[in-house]
Amino acid sequence: MPIAIYPGSFDPITKGHLDVLETGSKIFGKVIITVSNNINKNSFLTVEERVNLIKESVKHLENVEVDTFEGLTVNYAKKRNATILLRGLRAVSDFEYEMQLSQTNSELSPEIKTVFLITKPEYNFISSSTVKEILLNNGDIAKFVPEPVNQYLISKFKG
Ligand code: ADP
C-alpha cells in the first residue's frame, strides 16, 4: 500500500482539508499530513500551533501521521518513502496552480505522482483565509473547522 504525503499550509486546518485527508486515509496505506515551514509566507498561526491543531483533529484516523517540512516537497516525500502527493481541488481557480505544481514536481521526480481529491460539496468552498476573515470579524467558524480548531481559535482571539 503506497505512502502518501499531504502537504500544505493548514493555517488553520479546515473541514475541507480533513475531508480530503479522511478519503486519502481509506485509499493509501499511510498518509503523512505535513505542514510546510515556509518562512516567506506570512502565517496566521505558528507551525507548532498548526501541528497541534491537526493532531487534535485527526485522532480518529489510525494511519495518519502529522509532521512538518522545509524545502522541496518531493525531497521530503523521498525521505519518507512516499510515492504519492495528495492535494485537494476546490474550484476551477485551484486547477491552474495545482496543475503547474504537479507538473513541476513530476519533472523534478517522475516517480512521485500527484493525486487530487475533491471534497463533499458542503466543504468545497471553505478556505483557511475565509476562516481567518470570519474569525477576525467576530463571525462563527464552527461550521468550517474541526471542533478542536474552533475551540482553540475562540479562546485565542475572543478570550
Ligand atoms: P497551500 O498553501 O499548499 O495551498 P493549503 O493549506 O491552502 O496549502 O491547502 C492544502 C491543499 O488542500 C491544497 O491542495 C488545497 O487546494 C487543498 N484544499 C484546501 N481547502 C480545500 C477544500 N475546502 N476542499 C478541497 N481541497 C482543499
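Computed from a prediction, not measured in an experiment: that's the story for all the values here. (Residues numbered from 1 in each chain as written. Predicted model: local features only at pLDDT ≥ 70, side-chain atom pairs only at ≥ 80, totals over all residues. Heavy atoms only, no water.)

Caption draft 1: Molecular detail of the overall build of the protein chain. For the protein chain, the count of helices and strands is six helices and five strands. Order of helices (α) and strands (β) in the protein chain, N terminus to C terminus: β-α-β-α-β-α-β-α-β-α-α. On C-alpha atoms alone, the protein chain measures out to a radius of gyration of 15 Å, which is about the 15 Å that the 2.2 N^0.38 rule sets for 159 residues. By principal-axis analysis of the C-alpha atoms, the protein chain measures approximately 45 × 30 × 30 Å. Within the protein chain, the fraction of its 159 residues that count as buried is 45%. Here the analysis covers contacts within the protein chain between residues at least 6 apart in sequence; of these, 74% occur between residues at least 24 apart. A total of about 8900 Å² of accessible surface is found on the protein chain, and carbon and sulfur atoms cover 52% of it. If the 18 positive side-chain charges of the protein chain are averaged to one point and the 19 negative ones to another, these points end up 1 Å apart. (Helix = DSSP H or I, 4+ residues; strand = E, 2+ residues; numbered from the N terminus. Rg over C-alpha atoms; globule rule 2.2 N^0.38 Å. Buried < 20%, exposed > 50% of the residue type's maximum accessible area, 1.4 Å probe, protein only. Contact = heavy atoms within 4.5 Å. Areas by Shrake-Rupley, 256 points an atom, 1.4 Å probe, with all protein chains shown as cover. Lys, Arg positive; Asp, Glu negative; His and termini not counted. Charge placed at Lys NZ, Arg CZ, Asp CG, Glu CD.)

Caption draft 2: Fine view of the nonpolar core. By size, the foremost hydrophobic cluster in this structure holds 32 residues, and its most contacted members are Y6, L21, V31, I33, I54 and V58. Contributing elements (two or more residues each) for this core: β1 (3–8), α1 (15–27), β2 (30–36), α2 (47–57), β3 (64–69), β4 (84–89), α5 (128–136) and α6 (147–157). At four residues, α2 tops the list of elements feeding residues into this core. Ignoring sequence-local partners within four residues, the contact set of Y6 consists of H17, V20, L21, V31, I32, I33, T34, L86, R87 and G88. The next biggest cluster of nonpolar side chains, apart from the first, holds nine residues, and it includes I5, F69, V74 and A77. (Core = buried A, V, L, I, M, F, W, Y, C linked by side-chain atoms within 4.5 Å.)

Caption draft 3: Spatial organisation of the packing of aromatic side chains. The full count for this structure, using the stated rule, is four aromatic pairs. Between F69 and Y76 the ring centres are 5.3 Å apart and the planes differ by 35°, which places this aromatic pair in the tilted class. The pair F69 / Y76 is uniform in exposure class, with both members buried. (Phe/Tyr/Trp six-rings, centres within 6.5 Å; stacked < 30°, edge-to-face > 60°.)

Caption draft 4: Focus on the sheet that holds strand β5 (residues 113–118). Ordered by their spatial adjacency, five strands build an open sheet running β3-β2-β1-β4-β5, and the pairing between neighbours is parallel. This sheet does not close on itself; its edge strands, each paired only once, are β3 and β5. For this sheet, the mean inter-axis angle between neighbouring strands, taken without regard to orientation, is 30°. (Pairing = 2+ DSSP bridges. Axes fitted to C-alpha atoms, helices over the stretch in contact; angles between N-to-C directions.)

Caption draft 5: Seen up close, the environment of L101. Note on placement: L101 falls in helix α4 (residues 92–108). Residue L101 is classed as partly exposed on the basis of its relative accessible area, which comes to 29%. Residues L101 and E147, spaced 46 residues apart in sequence, show a C-alpha to C-alpha distance of 31 Å.

Caption draft 6: Here's a closer look at the site of the ligand. Surveying the vicinity of the ligand reveals 19 residues, the closest of which are S9, F10, K41, G88 and I126. The contact in question runs from an oxygen atom of the ligand to an N or O atom on the backbone of G88, over 2.8 Å. Note that an oxygen atom of the ligand is positioned 3.2 Å from one of the side-chain N or O atoms of E98. A total of 550 Å² of accessible area belongs to the ligand in isolation, and the protein chains cover 89% of it. Sorting the residues of the shell around the ligand by element identifies β1, α1, β4 and α4 as the ones contributing at least two each. For the shell around the ligand, a count of residues per class yields seven nonpolar, seven polar and five charged. (Near = heavy atom within 4 Å. Polar contact = N/O pair within 3.5 Å; in protein donor to acceptor, adjacent residues only side chain to side chain. Nonpolar A, V, L, I, M, F, W, Y, C, P; charged D, E, K, R; others polar.)

Caption draft 7: Examining α6 more closely. Those residues of α6 not exposed but buried are V149, N150 and L153. Relative to the axis of α6, the buried residues are bounded by an arc of 100° and lie together on one face. Contacts made by the buried residues of α6 are with α2 and α5. (Arc of directions from axis to C-beta.)

Caption draft 8: Broad picture of the packing of α2 against α6. For the pair α2 and α6, the least separation of the axes is 8 Å and the interaxial angle reads 140°. Here α2 is positioned oblique relative to α6, judged by the angle of their axes. Contacts between α2 and α6 involve E49, L53, E56 and S57 from the former and P148, V149, Y152 and K156 from the latter. Considering only residue class, the contact of α2 with α6 consists of four nonpolar, one polar and three charged. (Parallel < 35°, antiparallel > 145°, perpendicular 65-115°, else oblique.)

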